[in-house]
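Now for the letters of each chain:
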Amino acid sequence: MNTTDNTLYPIGDAAHRTGLSVSAIRFYSDEGMVEPTGLTSAGHRLYGVQAIAQLDFIRTLRELGTGLEQIRQVLTGESTLRYLLAEHLDVVERQEADLRIRRSVLRALVRQENPGERIGLMSRLVTMPDADRQRLIADFWQEVNAGLPTDDAERLGEVQPRLPVDPTAAQLEAWITLAELLQDAEFRSATRAYLQEAYGSSPGAIVSTPPVQTFIAAAGEDVMPKLIAAHASGLAPDDPHSRELAARLVHQTADALGAPLDDGLWERIALGFRRMGQVMHEVLHDPDYEATHKRYLSLVATINGEPSPDAELEAASSPGAAQAPGTDLFELGPWLAEAILAARPTGARPGR
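The numbers attached to residues start from 1 for each chain and follow its sequence in the written order. Only residues with pLDDT of at least 70 get local features here, since the model is predicted, and only at 80 or more are side-chain atom pairs given and counted; chain-wide, interface and lining totals rely on the full set of residues. Neither water nor hydrogens contribute to the side-chain values; these are computed over all heavy atoms in the structure.

Here we look at the environment of Glu312
The secondary structure listing takes helices from DSSP runs of H or I that are at least 4 residues long and strands from runs of E that are at least 2 residues long, numbered from the N terminus. Looking at the element boundaries, Glu312 is found in helix H19 (residues 311-316). Exposed residues in this analysis have more than 50% of their type's maximum accessible area, buried residues have under 20%, and partly exposed residues fall in between, with area computed by a 1.4 Å probe over protein chains only. According to the relative accessible area criterion, Glu312 is exposed, its value standing at 70%. Measuring from C-alpha to C-alpha, the distance between Glu312 and Thr327 comes to 9.2 Å, with 15 residues separating the pair along the chain.

Below you can see the structure in the form of structure tokens.
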């Protein structure tokens, strides 16, 4: 359309050019959104190219589901088009996510062979819209993470359920159960209390500090795999290679904790590894953990079609149950303790 055209068009032509009905154009005019450019001698409305362009713009926004007040704000300059479109994109993306979840739920229900179980699942599903189930998870983490260090809160909240396109009956059951559980005030309170104890106080607070987390990540990628490999290969804890790796681990630990590299630190680290299997076993079977955070993680793992979150640690902290060579903590821990003590410098003294 040539925007320099000064021709005025009757309302019928404006309707034809914009795809709007004549009554809709009259409505927008009466609402003061797009005034007629002029009137005929008989009082009929006429529209110029600028007014027609505005009407076409309104039609596009209305097709996107934009409210009249939002359109009015854009036309008057109270709001920007970019901001309005960003809002609409957010709405559309949420609707898309909701539809994907609904599709997954319907597919699972259709595949359910047992009519009684199908009806049972449906009756539990109708108690809450699918979109509300998804938003419930965000609300849950916002509540139970309150007061935790930011890094811990973000990391814990990253564990989210993602119902697959074609969920099994077990996955759909877990999806429903999780939503029911997250609405339970007692479960929320107990989970928050557990997380505060685990991450908000010593030693949890110390372990969650950035230097210690950085050390854990670095050791997990560097020193620990090499120590596990040395143990699995049958090297003695006092072998020079074992001692060199153990010494590196102790030095990294001291740096992360900001602790003096004295004789007492070597002994404390060695004692910690010697008890590693038993401690991990106790942590994984802590009744408070099993009833709260582990319950959440297990349901999410089922929904996502993933292994139990503690499967590897469970195997490693159960004597004789570890699958990978060298990962039985009841064997690895004492071996690491011996390697650390063997690597300890003779006559170590307090201070660095």
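After that view, the rundown keeps rolling.
So, the packing of helix H1 (residues 11-18) against helix H3 (residues 49-63)
Lines fitted to C-alpha atoms define the axes, with helix axes restricted to the stretch in contact, and inter-axis angles between N-to-C directions lie between 0 and 180 degrees. In contact at an axis separation of 9 Å, H1 and H3 are set at 45° when each is read in the N-to-C sense. Regarding the angle of H1 to H3, the classification is oblique. Helix-helix and strand crossings are classified by hand; for H1 and H3 the assignment is right-handed. For the pair H1 and H3, contact is made by Ala14, Arg17 and Thr18 and by Ile52, Leu55, Asp56 and Arg59, respectively. Side-chain classes are defined by residue name, with Ala, Val, Leu, Ile, Met, Phe, Trp, Tyr, Cys and Pro counting as nonpolar, Asp, Glu, Lys and Arg as charged, and the others, Gly among them, as polar. Looking at side-chain class alone, the contact of H1 with H3 contains three nonpolar, one polar and three charged residues. Convention used here: angles under 35 degrees read as roughly parallel, angles over 145 as roughly antiparallel, angles from 65 to 115 as roughly perpendicular, and any remaining angle as oblique. In this scheme the handedness of a crossing depends on how the near helix is turned from the far one: anticlockwise by less than a right angle means left-handed, clockwise means right-handed. The contact rule is simple, with two residues in contact once any of their heavy atoms fall within 4.5 Å.

Focus: the pattern of salt bridges
Should the charged atoms of two oppositely charged side chains come close, the side chains can pair. The salt bridge criterion pairs a side-chain nitrogen of Lys or Arg with a carboxyl oxygen of Asp or Glu, the two atoms within 4 Å. Scanning all chains against the criterion turns up 11 salt bridges. Where Glu31 meets Arg72, a salt bridge forms, and the shortest distance between an N and an O atom there is 3.5 Å. In this pair, Glu31 is assigned in the loop between helix H2 (22-30) and strand E2 (38-39) and Arg72 in helix H4 (residues 68-75), connecting sequence segments 41 residues apart. In this structure, Glu267 engages Arg344 in a salt bridge whose closest nitrogen and oxygen atoms are separated by 3.1 Å. Separated by 77 residues along the polypeptide, Glu267 in helix H15 (residues 263-274) and Arg344 in the segment after helix H20 (329-343) bring together distant segments of the chain. Shared partners join several salt bridges into a network, and the residues in it are Glu31, Glu69 and Arg72.

From the geometry alone we can't say anything about function, so treat these as descriptive.
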